[in-house]
Every structure is written in structure tokens, then in C-alpha cells.
Amino acid sequence: MAEQVTRFSVSLPADLLEDLDEMVREHKHANRSQAIADMVRDRLIEHRQRHGSGEMAGTITLIYDHHSPKIQASLTAAQHEHHHAIVSTLHVHLDHDNCLEVIVVRGKAAMIRSIADKLLAAKGVKHGKLTITSAGHDFPSKHGHRHHHE
Ligand code: NI
């Protein structure tokens, strides 16, 4: 099913438009409209990550040394405390010392952030990162009906 499209006009400085057209070529967007639609979507997701109360999904990636005292108990306790927001946890024994954990979370942005902050701050976590995105249902499909086989 085709998504409904609305036309509107935008004024841009000439050199900014030139740069946009160059980016459209480099990224093989079909046209300016598609490039701009992609940018708007990215910015909206970013905006909602900061301000939204809608459903978000994300991953928290942690690297830690499992010999570090109590690390596994404290990570497990934190995850049980937030079990309603944690969808799945993947644990990989990277080498003799290091574990990689990827925790899939969903819920409101502020809650996801607070879970990530707690896990990343756990003593013994060497490195960690939160990646957060929209849960998807409040966006039209990325390229409408044209590329649904991608
Ligand atoms: Ni491990």
C-alpha cells in the first residue's frame, strides 16, 4: 500500500542545496525527497529519544571481567529489578576473562536510559554502550512500498 505523500516547498541557500544534491548522489538516494525524508526520520527518532514518552527499543552492550567481585550478581540483580523492560539477554564468553553481554530493552526512553546508567555504572564493567531507537510502530516503513523486499 502506498503511503500518502504531501508536497510542500522549502527554501534553502543555493550552496546548501548543492551539498544536498551531492549527498543524494553519494548515498544513492532516489531523489532529494527521499534523502530529506530519511533525515527527518532520523531527527524525529533522536528527538523522541530525548523528549518522547512513546515506546522505544534499544540494546545495552556491556564488556566486563567476570572475575571482578560480585559483578555477575549485581548485573543479574539489576536485570531482575527491571524484568518488565528487559526482552532478552545474550551472554558471550569472549575469552578467559571477558564477557560480552547484550541486553535488549523496551519501554519509555527515560526508563531505558536509567537501566543503562545503572548497568554501565556497575563496578567491574569495562565498557558499555546504549543504542536506542523507536520501537517502530509510530513510523511509516522507511521507503514506502517501493523497496519492501529489502
Ligand atoms: Ni562470560
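Definitions and limits used
- Residues numbered from 1 in each chain as written.
- Predicted model: local features only at pLDDT ≥ 70, side-chain atom pairs only at ≥ 80, totals over all residues.
- Heavy atoms only, no water.
- Helix = DSSP H or I, 4+ residues; strand = E, 2+ residues; numbered from the N terminus.
- Donors = N, O, S within 2.8 Å, 3.2 Å for Na, K, Ca; no water.
- Buried < 20%, exposed > 50% of the residue type's maximum accessible area, 1.4 Å probe, protein only.
- Pairing = 2+ DSSP bridges.
- Axes fitted to C-alpha atoms, helices over the stretch in contact; angles between N-to-C directions.
- Contact = heavy atoms within 4.5 Å.

Before going further, it helps to spend a moment on unusual backbone geometry. A positive phi angle, close to 55°, is found at Lys 28, a residue other than glycine. Note on placement: Lys 28 falls in the loop between helix H1 (14-26) and helix H2 (32-51). In this structure, Lys 70 is a non-glycine residue whose phi angle is positive, near 65°.

Ideal geometry at a metal centre: 109.5 degrees between donors when four sit tetrahedrally, and 90 or 180 degrees when six sit octahedrally. Binding of the nickel ion to the protein goes through His 91 (NE2), His 93 (ND1) and Cys 99 (SG), at separations of 2.0 to 2.3 Å. Each donor residue of the nickel ion lies on one chain, and together they are spaced H-x1-H-x5-C. Judged by relative accessible area, His 91 falls into the partly exposed class, the value being 28%. In this structure His 93 comes out as exposed when scored by relative accessible area, which is 64%.

Spatial ordering of the open sheet is given by S2-S3-S1-S4, a layout of four strands whose pairing is antiparallel. Across the chains shown, the open sheet's two edge strands, defined by having one partner strand only, are strand S2 (86-93) and strand S4 (125-134). For this sheet the average axis-to-axis angle between neighbouring strands, irrespective of direction, equals 15°. Those strands touched by helix H3 (residues 71-81) are strand S1 (55-65), S2, strand S3 (98-108) and S4, and its axis lies near 170° from that of S1.

Within the secondary structure, Ser 68 sits in the loop between S1 and H3. Note on Ser 68: relative accessible area 18%, which makes it buried. Ignoring any residue separated from it by four or fewer positions in sequence, one finds Ser 68 in contact with Lys 123 and Gly 124.

Attention now goes to the side chain of Gln 79. Tracing the backbone shows Gln 79 in helix H3. What Gln 79 contacts, discounting residues up to four positions off in sequence, is Ile 86, Thr 89, Glu 101, Ile 103 and Leu 119.

Just distances and angles here, no functional claims.
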